[in-house]
Amino acid sequence: MTVKDVYDAIDSFAPFESQSEWDNAGILLGDPNREVTKAIVALDVTEYEIEAAKKAGAQLIISHHPAIFHPVKSVLACSVAYASISSGLSVISAHTNLDKAPGGVNDSLCEALGLTYSKVPLPAAYGFLNICTVDGQMSTAEFAKLVSDRLSAAVSYSKGAETVHKIGVCSGAGAEFAEEARLLGCDAFLTGDASYHNFVDCVSLGISLFAAGHFETENIIVPALIKKLTEIFSEADFIPSERRSPIITVV
């Protein structure tokens, strides 16, 4: 298989044309025609993934977050782009197209929580929103504990409602969609990142906000993506990155 073959496979279940207009997903580095026998699958492309690829003899890194996001005017030796190319590595990044795809990041997050869920169709929240439900009612503290246990995450939350039943879910940085979730009847909203003002605003809206970490709410796509790609390319070796979140929380 080639880099382009892997790109085409991802495109079949998470079409790159569905990425947000501000995004930069696709084959971002390397040679589309390069033969691939091994690939590292990761949330990010960092020095860790590059060294892991070299050690494993891999030719490709498949990441969720784009290896190149903002326009660049130079590529220097200290950059990920330089290190990847000089190591003979190609990079495919599947970002917002994979966030909202069936079986993608947001769906994988809901499945990791073990909750019944449905996708909210476009145009609501640009396709990034899922709605989960719990059986009966949970207290906000009980739901925070469930999320923490299922994701091995430190969870911050504000109590906009006493109980939790219907939860809007957007992995990564999705706090902007909390109000939309409230309008859809949700009493809680779960995402990765949230600011102080997001928590304050959600209390005012009467919706509880839970933030479980950007890494923790998105890295769950790695095993799901490996499973999909292994089913398509049984002869190739897709290796998960073992890098953990760079954020250290002291409690």
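For clarity, every value in this text was computed on a predicted model and none was experimentally measured.

Definitions and limits used
- Along every chain, residues carry numbers that run from 1 in the direction the sequence is written.
- Local features in this predicted model are restricted to residues whose pLDDT is 70 or higher, and side-chain atom pairs enter the listing and the counts only when it is 80 or higher, whereas totals over whole chains, interfaces and linings include all residues.
- Calculation of side-chain values draws on the structure's entire complement of heavy atoms; hydrogens and water are dropped beforehand.
- Here a helix means four or more residues in a row that DSSP labels H or I, a strand means two or more in a row labelled E, and each is numbered from the N terminus.
- For the radius of gyration, the atom set is restricted to C-alpha positions; the globular benchmark scales as 2.2 Å times the number of residues to the power 0.38.
- Throughout, exposure labels follow a simple rule: accessible area from a 1.4 Å probe, protein chains only, divided by the maximum for the residue type, with under 20% read as buried, over 50% as exposed, and the rest as partly exposed.
- Any two residues whose heavy atoms approach within 4.5 Å are treated as being in contact.
- All tallies of charge rest on Lys and Arg as positive and Asp and Glu as negative; His and the ends of each chain are not included.
- Each charge is placed at NZ for Lys, CZ for Arg, CG for Asp and CD for Glu.
- Count a disulfide wherever a pair of cysteine sulfur atoms falls within 2.5 Å.
- Note on pairing: two strands pair once DSSP finds at least 2 bridges between them.
- Axis definition: a line fitted to C-alpha atoms, limited for helices to the stretch in contact. Angles are taken between N-to-C directions and run from 0 to 180 degrees.
- Just to be clear on terms, a salt bridge is a Lys or Arg side-chain nitrogen sitting within 4 Å of an Asp or Glu carboxyl oxygen.

**Let's talk about the overall build of the protein**
Scanning the protein from N- to C-terminus turns up 10 helices and 11 strands. The C-alpha atoms of the protein give 19 Å as radius of gyration, which agrees with the globular expectation for 251 residues (18 Å, within 12%). With respect to the three principal axes, the spread of C-alpha positions in the protein is 55 × 35 × 30 Å. Residue burial in the protein is summarised as follows: out of 251 residues, 50% are buried. Sequence separation of at least 24 residues holds for 65% of the intrachain contacts in the protein that already meet a minimum separation of 6. Counting 17 positive and 31 negative side-chain charges, the protein places the centres of these two groups 3 Å from one another.

**Topic: the state of the cysteines**
All chains considered together, the criterion is met by 0 disulfides. Cysteine Cys186 is unpaired, with the sulfur of Cys132 as its nearest cysteine sulfur at 9.1 Å. For Cys186, a relative accessible area of 0% corresponds to the buried category. The structure places no disulfide on Cys202, whose sulfur is separated from the nearest cysteine sulfur, that of Cys186, by 11 Å. The exposure class of Cys202 is buried, given its relative accessible area of 3%.

**Considering the sheet that holds strand β5 (residues 116–119)**
On the basis of which strands lie adjacent, the open sheet formed by 6 strands has the order β5-β6-β8-β9-β10-β7 and mixed pairing. Pairing within the sheet leaves two strands with one partner each, and these edge strands are β5 and β7 (156–158). On average, each strand axis in the sheet is tilted by 20° relative to the strand beside it, whichever way the strands run. Relative to strand β9 (residues 188–191), strand β8 (residues 163–169) runs parallel, the two being bridged by 3 bridges.

**Concerning the pattern of salt bridges**
Under the defined criterion, the tally for this structure stands at 7 salt bridges. Salt-bridge contacts for Arg243 lead to Asp44; the nearest nitrogen and oxygen are separated by 2.3 Å. On the criterion of sequence distance, the pair formed by Arg243 in the segment after β11 (237–240) and Asp44 in the loop between β2 (38–42) and α2 (47–56) is long-range, its members being 199 residues apart.

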